[in-house]
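Residues per chain, in single letters:
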Amino acid sequence: MDYKIRISPPHMGGEELKYIKEALATNWVASSGRHISDFEKDLESYLGGQRYVAALSSGTAAIHLALILAGVQRDDEVICQSLTFAASAFPIVYQGAKPIFVDSEQDTWNLCPSVLEETIQDRLLKGKKPKAIIVVHIFGMPAKMDEIKTVSKKYNIPLIEDAAEALGSSYKGHKCGCLGDFGILSFNGNKIITTSGGGALICKEAKQKDRAIFLATQAKDEALWYAHSTVGYNYRMSNIAAGIGRGQMEALSVYSEKRRENHLFYKNLFEPFDYIQVFSETNAEQYANHWLTCIQFSPNKANKSAMGLLHALGQQGIESKPIWKPMHLQPLFKGCPYYGDKVAETIFKTGLSLPSGYNLNKEDREYIHNGVKNYLNH
Ligand SMILES: *Cc1c(COP(=O)(O)O)cnc(C)c1O
């Protein structure tokens, strides 16, 4: 369908073209070149200078390499937040490991720390210690990281932070992506910034970054000929993509500010409707980029629902989307253990994400305002 207003279109705002032209003019167009290391430096300094960043071909590739660096192997168990986009969990399968899905809590919609601990205890009882934990900052909302880190430390299980949607978000003043043992970012077309397609792995140690780049460039041993002693991947970001990333980084603060303005717009818009909650921070420790603004419906006399609003908006050319369908409800993951109750499932059934792009202008907002009111007031 050709929408008039799309949910999260890409936007070129900085000097992307200059950097692309530079890459072409110097003939550095592939998987090496100055833009790649400069883009990594941009990210490292943005993240506070305490982490090492490897630029990769996608966020999914970054999760895969994080699992490898965390030591995940065939038949191992990996704990993953159930309420997420499938790319958080796919790399567990690439490794031949087994996903164990865990429910969310209602405040942040992310991994519930107490269910996480119950899960680990039960897996230990069943005879296997999980090899890694994947926590997500869904829609850019920071998870309860202190509590989650306490559990990860107590049982000594590496924590991988999927910050694909959370570039620009922070928790207690620390940037999302730098709170776990590994972090990952995505620069897919719909994310906060884009490199046309790309991602990054965030590491604590320089040697982990080096190892990630080694694996991402086909694991070539040092030798005159092509020598390989381990499996490699073609996961490195191209110099052209990194050039786009450098331009995008110049506009990052503007991008996240604009998304937060969109969120305020929706808060005002839904204020009169007590059966609709706009998904928001619940305390001052969280700073969300509000990548996508989401709402949740409670049961109501007016008989209004998330899917009702989705259809009504769709008829007017406004794109909205259901919340990620939890992984434990996906046919692919049928039979995988799941711990928790129905928090994620309820959010999925009653939630909706709304147009939240950088490009939303005054007229777009008026159009959305009218579209929403048309449905809710009739
Ligand atoms: C987008 C996304 C990914 C995957 O990133 P790609 O760059 O598209 O591979 C992983 N996890 C979450 C939560 C995402 O939203």
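Residues numbered from 1 in each chain as written. Predicted model: local features only at pLDDT ≥ 70, side-chain atom pairs only at ≥ 80, totals over all residues. Heavy atoms only, no water.

Below, the discussion takes up the environment of Gly357. Looking at the element boundaries, Gly357 is found in the loop between strand E14 (351–353) and helix H12 (362–376). Judged by relative accessible area, which is 2%, Gly357 ranks as buried. Residues Gly357 and Lys258, 99 residues apart in the sequence, show an inter-C-alpha distance of 8.1 Å. Look past the residues within four positions of Gly357 in its chain and what remains in contact with it is Ile7, Ser8, Pro9, Arg259 and Asn262. (Helix = DSSP H or I, 4+ residues; strand = E, 2+ residues; numbered from the N terminus. Buried < 20%, exposed > 50% of the residue type's maximum accessible area, 1.4 Å probe, protein only. Contact = heavy atoms within 4.5 Å.)

Right, let's get into the sheet that holds strand E10 (residues 276–278). Reading across the sheet, the three strands line up as E10-E12-E14 and stay open at both edges, with antiparallel pairing between neighbours. Looking at the sheet topology across the chains shown, the edges are occupied by E10 and E14. Ignoring strand direction, the axes of neighbouring strands in this sheet form an average angle of 25°. Two strands pair when backbone bridges link them, and strand E12 (residues 294–297) and E14 are joined in this way by three bridges, in the antiparallel orientation. By the bridge assignment, Cys294 is partnered in E14 with Ser353. (Pairing = 2+ DSSP bridges. Axes fitted to C-alpha atoms, helices over the stretch in contact; angles between N-to-C directions.)

This part is about helix H6 (residues 145–154). Inspection of H6 places Met145, Ile148, Val151 and Ser152 among the buried residues, and these make up the whole buried set. Down the axis of H6, the smallest arc covering the buried residues is 130°, so these residues share one side. Facing away from the buried surface of H6 by more than 90 degrees, the exposed residues are Thr150, Lys153 and Lys154. Contacts from the buried residues of H6 go to helix H5 (113–125), strand E4 (132–136), strand E5 (159–162) and strand E6 (170–171). Note on H6: the residue one or two positions beyond its end, Asn156, has a positive phi of about 55°. (Arc of directions from axis to C-beta.)

Even without glycine at this site, Asn156 takes up a positive phi of about 55°. Mapping Asn156 onto the fold places it in the loop between H6 and E5. What makes Asn156 exposed here is its relative accessible area of 60%. Phi at Lys172 is positive, roughly 50°, even though this residue is not glycine. If you trace the backbone, Lys172 turns up in the loop between E6 and strand E7 (174–175). Look at Lys172 and you get partly exposed, because its relative accessible area is 38%.

Turning our attention to the sheet that holds E7. Judged by pairing direction, the sheet is antiparallel, and its three strands sit side by side in the order E7-E6-E11 without closing on themselves. A strand with exactly one partner marks an edge of an open sheet, and here the two such strands are E7 and strand E11 (286–287). Pairing between E6 and E7: two bridges, direction antiparallel. Among the inter-strand pairings, Tyr171 is bridged to a residue of E7, identified as His174.

Let us look at H12. Over its 15 residues, H12 runs 21 Å from end to end, which matches the ideal 21 Å to within 8%, given 1.5 Å per residue. Taken together, the buried positions of H12 are Asp364, Arg365, Ile368, Gly371, Val372, Tyr375 and Leu376. Angularly, the buried residues of H12 cover 125° about the axis, an arc narrow enough to put them on a single face. Set apart from the buried face of H12 by more than 90 degrees, the exposed residues are Lys362 and Glu363. Near the N-terminus of H12, the side chain that reaches the backbone nitrogen of Glu363, with its oxygen 3.1 Å away, is that of Asn361. (Expected span 1.5 Å × (residues − 1). Polar contact = N/O pair within 3.5 Å; in protein donor to acceptor, adjacent residues only side chain to side chain.)

Before going further, it helps to examine the nonpolar core. Grouped together as the largest cluster of nonpolar side chains are 59 residues, with contacts concentrated most on Phe39, Trp109, Phe139, Phe187 and Ile193. Beyond its immediate chain neighbours, meaning those up to four positions away, Trp109 contacts Gln81, Leu83, Ser104, Ile138, Phe139, Phe279, Cys294, Ile295, Gln296, Ile323 and Ile347. One finds Ala61, Leu65, Ile92 and Ala97 within the second-largest nonpolar core, a separate group that totals 33 residues. (Core = buried A, V, L, I, M, F, W, Y, C linked by side-chain atoms within 4.5 Å.)

This part takes up the domain arrangement of the chain. Each domain of the chain was delimited in the assignment, giving domain 1 (16–250) and domain 2 (253–376). Inter-centroid distance (C-alpha atoms) of domain 1 to domain 2 is 25 Å. Residue-level contacts link 44 residues of domain 1 with 36 residues of domain 2. Summed over both partners, the interface of domain 1 with domain 2 buries about 3,600 Å², with 65% contributed by carbon and sulfur atoms. Area buried by domain 1 at its contact with domain 2 is led by Phe101, Trp109 and Phe139, which between them contribute 23% of it. Applying the counting criterion to the domain 1 and domain 2 interface returns one salt bridge. Its salt-bridge partner being Lys172, residue Glu285 comes within 3.9 Å of it at the nearest N-O pair. Linking domain 1 to domain 2 there are 21 residue pairs in polar contact (both at pLDDT 80 or more). For the side of domain 1 that touches domain 2, the secondary structure elements donating two or more residues are helix H4 (90–94), strand E3 (98–102), H5 and E6. (Domains from an automatic or database assignment. Buried area = accessible area lost by both parts, 1.4 Å probe. Salt bridge = Lys/Arg side-chain N within 4 Å of Asp/Glu carboxyl O.)

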